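These are the residues of each chain, in order.
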Amino acid sequence: MKRWWATVGALAGALVLQVMLAPHLEIGNATPSFLLLVVITLSFVEGPSAGAVAGFAAGLLLDLLSTGPIGAWALVLSVTGYTAGMLQENLFAEGWLAPVTVAIIAGFLADFSYLLAVTVLGVGPAFWASLVQAVLPRAVYNAVLVMLAYPWLARFLRADRSIKSFKRLA
C-alpha cells in the first residue's frame, strides 16, 4: 500500500456510507455494499496482499456492525480481496469494462460465500430463500453501484494521479 492514507480514507468513507446511507437506499431486501466495492477496487489497484489486508479490515468492521458471527465477513472479504488482487495483472490496461465485470462477479461470489458460511455455522437464514431474496438482488444492486462508482474510486486510489482520462484506470 503505497498511499495508505488514501486506503484508510476510502475504507472510512465506505464505512460511514455503509452505516448512514446504505439502510436508506434499500430496495426490496437489497442494500448496497460500499465496503465491498472499496475492497475490490483497492485489490485491482494495489494487488493481492493489500486487497487481503483491506478485506480483513473491512470485513471485521462489517462483522462488528452486523448481528452475524464475528469473523465471517472478515474471512470472506479477505479471500475476495486477495483473489481480486491476483487478477490485477490480467485485467486489460485500457478501459474499465473488464475490471467492472470482475468486480460484479466478485461481489456476487462474496455475498454467496457469506451466505454459505453462515449456513454452515448454523446461524444463517434458509439458504435457498435467502439466495433468491437477498443475494441475487444485492448482486444486481452492487453491479449498478460498481458501474457508477468504480472509475471514480479507482482514480482516487491510484498512486499515479497524473492520468487525464478514464481510459487507463485498471
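Residues numbered from 1 in each chain as written. Predicted model: local features only at pLDDT ≥ 70, side-chain atom pairs only at ≥ 80, totals over all residues. Heavy atoms only, no water.

Some details on the pattern of salt bridges
Rules: For this document, the term salt bridge refers to a Lys or Arg side-chain nitrogen within 4 Å of an Asp or Glu carboxyl oxygen. Helix and strand definitions follow DSSP, with helices as H or I runs of at least four residues and strands as E runs of at least two, each counted in order from the N terminus. Relative accessible area decides the class of each residue, using a 1.4 Å probe on protein chains only: under 20% of the type maximum gives buried, over 50% gives exposed, and in between gives partly exposed.
Counted according to the given criterion, the structure contains one salt bridge. Close ionic contact of Asp111 with Arg138 constitutes a salt bridge, the shortest N to O distance being 3.5 Å. You can see Asp111 sitting in helix α5 (residues 97-121) and its partner Arg138 sitting in helix α6 (residues 127-157), a full 27 residues away along the chain. Judged by its relative accessible area of 5%, Asp111 falls in the buried class.

With respect to empty space enclosed by the protein
Empty space among the atoms becomes apparent when a probe as large as a water molecule is rolled across them. Cut-off, in case you're wondering: Using a 1 Å grid laid over the protein atoms alone, points where a 1.4 Å probe fits but cannot get out form a cavity; open sets with protein on both sides within 12 Å along at least 5 of 7 lines form a pocket; any residue with an atom within 4 Å of a point counts as lining. Grid points are joined across faces, edges and corners, and a volume is the space filled by probe spheres set on the points. Gly falls in the polar group here, along with every residue not listed as nonpolar (Ala, Val, Leu, Ile, Met, Phe, Trp, Tyr, Cys, Pro) or charged (Asp, Glu, Lys, Arg).
Applying the stated criterion to the full structure yields one cavity of 30 Å³ or more. Put simply, the largest cavity is a space of about 70 Å³. Lining of the largest cavity is provided by Ser33, Leu36, Leu37, Ile40, Ala103, Ile104, Gly107, Phe108, Ala139, Asn142, Ala143 and Val146. Elements that contribute at least two residues to the lining of the largest cavity include exactly α2 (34-46), α5 and α6. Residue composition of the lining of the largest cavity, grouped by class: nine nonpolar, three polar and no charged.

Brief notes about the packing of helix α1 (residues 4-20) against helix α3 (residues 48-65)
We apply this condition: Axes here mean lines fitted to C-alpha atoms, for a helix over just the part in contact, with angles spanning 0 to 180 degrees between N-to-C directions. Angles below 35 degrees are treated as roughly parallel, those above 145 as roughly antiparallel, those between 65 and 115 as roughly perpendicular, and all remaining angles as oblique. Rotating anticlockwise by less than a right angle from the far helix to the near helix defines a left-handed crossing, while the corresponding clockwise rotation defines a right-handed one. Here, residues are in contact when the closest pair of their heavy atoms is within 4.5 Å.
Closest axis-to-axis distance for the α1/α3 pair is 11 Å, and the angle between their directions is 25 degrees. If you check the angle between α1 and α3, you find them roughly parallel. Both α1 and α3 take part in a crossing whose hand is right-handed. Facing α1, whose interface residues are Leu11, Leu15, Gln18 and Val19, α3 presents Ala54, Ala58, Leu61, Leu62 and Leu65. When the residues that make up the contact of α1 with α3 are grouped by side-chain class, the tally is eight nonpolar, one polar and no charged.

What about the layout of surface pockets?
The calculated volume of the largest pocket comes to roughly 680 Å³. Lining the largest pocket we find 25 residues, and of these Thr31, Ser66, Trp73, Tyr114 and Arg138 sit closest to its centre. Of all elements in the fold, only α1, α3, α5 and α6 reach the threshold of two or more residues within the lining of the largest pocket. Forming the boundary of the second largest pocket are 14 residues, of which Val79, Thr80, Thr83, Leu109 and Ala110 lie nearest the centre. Residue assignment for the lining of the second largest pocket shows that the elements contributing at least two residues are α4 (72-86) and α5. With seven residues, α5 is the single largest residue contributor to the lining of the second largest pocket. In the lining of the second largest pocket, the residues fall into eleven nonpolar, three polar and no charged.

Things to note about the packing of aromatic side chains
Note the threshold: Stacked, tilted and edge-to-face are the three classes assigned to paired rings of Phe, Tyr and Trp, where Trp is represented by its six-membered ring and a pair needs centres within 6.5 Å; plane angles under 30 degrees give stacked, over 60 edge-to-face, the rest tilted.
A full pass over the atoms with the stated rule returns five aromatic pairs. When the centroid spacing of 6.2 Å and the interplanar angle of 20 degrees are considered together, the rings of Phe108 and Phe112 count as stacked. Residue Phe108 and its partner Phe112 are located together in helix α5, separated by four residues, close to a single helical turn. Judged by its relative accessible area of 27%, Phe112 falls in the partly exposed class. Here Phe127 and Trp128 contribute two aromatic rings whose centre-to-centre distance is 5.0 Å and whose plane-to-plane angle is 85 degrees, an arrangement assigned as edge-to-face.

Points about the confidence of the model for the protein chain
Under the convention used in this document: Confidence scores labelled pLDDT are given residue by residue by the predictor and lie between 0 and 100.
For the protein chain, the mean per-residue pLDDT works out to 84, and 88% of the residues sit at or above 70. By mean pLDDT, the top-scoring element of the protein chain is α4 (94), and the lowest-scoring one is α6 (86).

With respect to the environment of Val123
Counting through the fold element by element, Val123 comes out in the loop between α5 and α6. Once the C-alpha coordinates of Val123 and Thr67 are considered, the two residues, 56 residues apart in sequence, prove to be 9.9 Å apart.

Points about the environment of Tyr114
Residue position: Tyr114 is located in helix α5. A C-alpha to C-alpha distance of 9.3 Å links Tyr114 and Gly124, two positions ten residues apart in sequence. Setting aside residues up to four positions removed in sequence, Tyr114 forms contacts with Gly68, Pro69, Ala72, Trp73 and Val76.

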